[in-house]
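# Overview (structure and organization)
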Amino acid sequence: MPTGDLPQFKQIFADDFTQDVPLGSFPTAVASTWGAYPSPWNDTSKNGEYDPAAVVSIADGVMKLHLHTANGKARVAAPYPRLPNATANNGQLYGRYAIRFRADPVEGFKTAWLLWPDSETWPQDGEIDFPEGDLNDTISAFMHWQNGTKGSDQDAYPTTITYTSWHTAVTEWTPTATRFTLDGKVIGSSTQKIPNTPMHYVIQTETRLSGGPPPTSAAGDVLIDWVVVHRYAP
């Protein structure tokens, strides 16, 4: 896990997952550093239910999200780091977000790890998503525009890279650019219509947006090795 300040960015959060948390104890056991969307919230497609206690555990230095179906509903999770000196909605204006991850190619599930506007005003206040994609497909990045009027008002940066190997994704959000880096290579950079209101970071892991609910037999893991967050400090 990288640590320390960077040009224009001051480190404010880092977790290498050294504290084990058994299934059923997240986020309560680490409530000072982690939160999660509560159960029984529906996810974006409404085919899944956020259920962190049934999905998230930490062991051997890795956060594991075990995606599966139980009691007739796909079980998903959306953990988020609690940032110091954050807004009331756990957000900040601009920043750098780095995460090391891999995932099984589980049919019917996806990542939409994102920065979401504290204002909850969408699409006008934008949205930043990376990595986003179905777990059995490829990784993309998206920046939804400030002052957008529909969900398709966005810059999109697709790749041919799949989830099954370990990857490091970095989102750098500043007043002049939103830059997406995957495994050290910039896959896209937006310099216009950049969101300019505070946003909060959520590791939103959910069911696919089209194609119906996951097969009930579909199950597998998303693994996160570390998470590091910086504040914009030019």
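The structure presented is a predicted model; accordingly, all values stated were derived computationally and were not measured. (Residues numbered from 1 in each chain as written. Predicted model: local features only at pLDDT ≥ 70, side-chain atom pairs only at ≥ 80, totals over all residues. Heavy atoms only, no water.)

## Thoughts on the pattern of salt bridges
With the rule as written, the count across this model stands at nine salt bridges. Between Arg-179 and Glu-172 there is a salt bridge whose closest N-O contact spans 2.7 Å. Because the salt bridges share partners, they merge into one network encompassing Glu-49, Asp-51 and Arg-75. (Salt bridge = Lys/Arg side-chain N within 4 Å of Asp/Glu carboxyl O.)

## Thoughts on the packing of aromatic side chains
One pass over the structure, following the stated rule, counts 14 aromatic pairs. An aromatic cluster of at least three residues, connected via ring pairs, comprises Phe-9, Tyr-94, Trp-173 and Tyr-232. The side chain of Lys-193 reaches across the aromatic face of Trp-145, ending 3.8 Å from its centre. (Phe/Tyr/Trp six-rings, centres within 6.5 Å; stacked < 30°, edge-to-face > 60°. Lys NZ or Arg CZ within 6 Å of the ring centre and 35° of its normal.)

## Looking at unusual backbone geometry
Between Ser-39 and Pro-40 the backbone carries a cis peptide bond, its omega angle lying at 10 degrees. Relative to the assigned elements, Pro-40 resides in the loop between strand 2 (34-36) and strand 3 (48-50). That bond from Phe-130 to Pro-131 is cis: its omega, -5 degrees, falls within 30 degrees of zero. Here Pro-131 shows up in strand 11 (residues 125-134). Here the phi dihedral of Phe-17 falls at roughly 60 degrees; this positive angle occurs in a residue that is not glycine. For Phe-17, the position within the fold is in the loop between strand 1 (9-15) and strand 2. Residue classification places Phe-17 among the buried residues on the basis of a relative accessible area of 2%. (Helix = DSSP H or I, 4+ residues; strand = E, 2+ residues; numbered from the N terminus. Buried < 20%, exposed > 50% of the residue type's maximum accessible area, 1.4 Å probe, protein only.)

## Points about the environment of Pro-38
Structurally, Pro-38 is set in the loop between strand 2 and strand 3. Under the relative-accessibility criterion, Pro-38 is labelled partly exposed at 38%. Sequence separation between Pro-38 and Met-63 is 25 residues; the distance between their C-alpha atoms is 18 Å.

## Focus on the pairing of strand 17 (residues 199-202)
Here strand 17 shows no split at all, with Met-199 and Tyr-201 on one side and His-200 and Val-202 on the other all buried. Two strands pair when backbone bridges link them, and strand 8 (residues 91-92) and strand 17 are joined in this way by two bridges, in the antiparallel orientation. For Gly-91, the partnering residue across the bridge sits in strand 17 and is His-200. Note: strand 10 (residues 109-117) against strand 17, four bridges, orientation antiparallel. Opposite Leu-114, over in strand 17, you have Val-202 as the bridge partner. (Pairing = 2+ DSSP bridges.)

## As for the side chain of Glu-172
Secondary-structure assignment places Glu-172 in strand 14 (residues 167-173). Using a relative accessible area of 14% as the deciding quantity, one classes Glu-172 as buried. Here the side chain of Glu-172 touches Arg-96 through a polar contact of 2.9 Å, side chain to side chain. Beyond its immediate stretch of four places on either side in the chain, Glu-172 contacts Phe-9, Gly-95, Arg-96, Ala-177, Thr-178 and Arg-179. (Polar contact = N/O pair within 3.5 Å; in protein donor to acceptor, adjacent residues only side chain to side chain. Contact = heavy atoms within 4.5 Å.)

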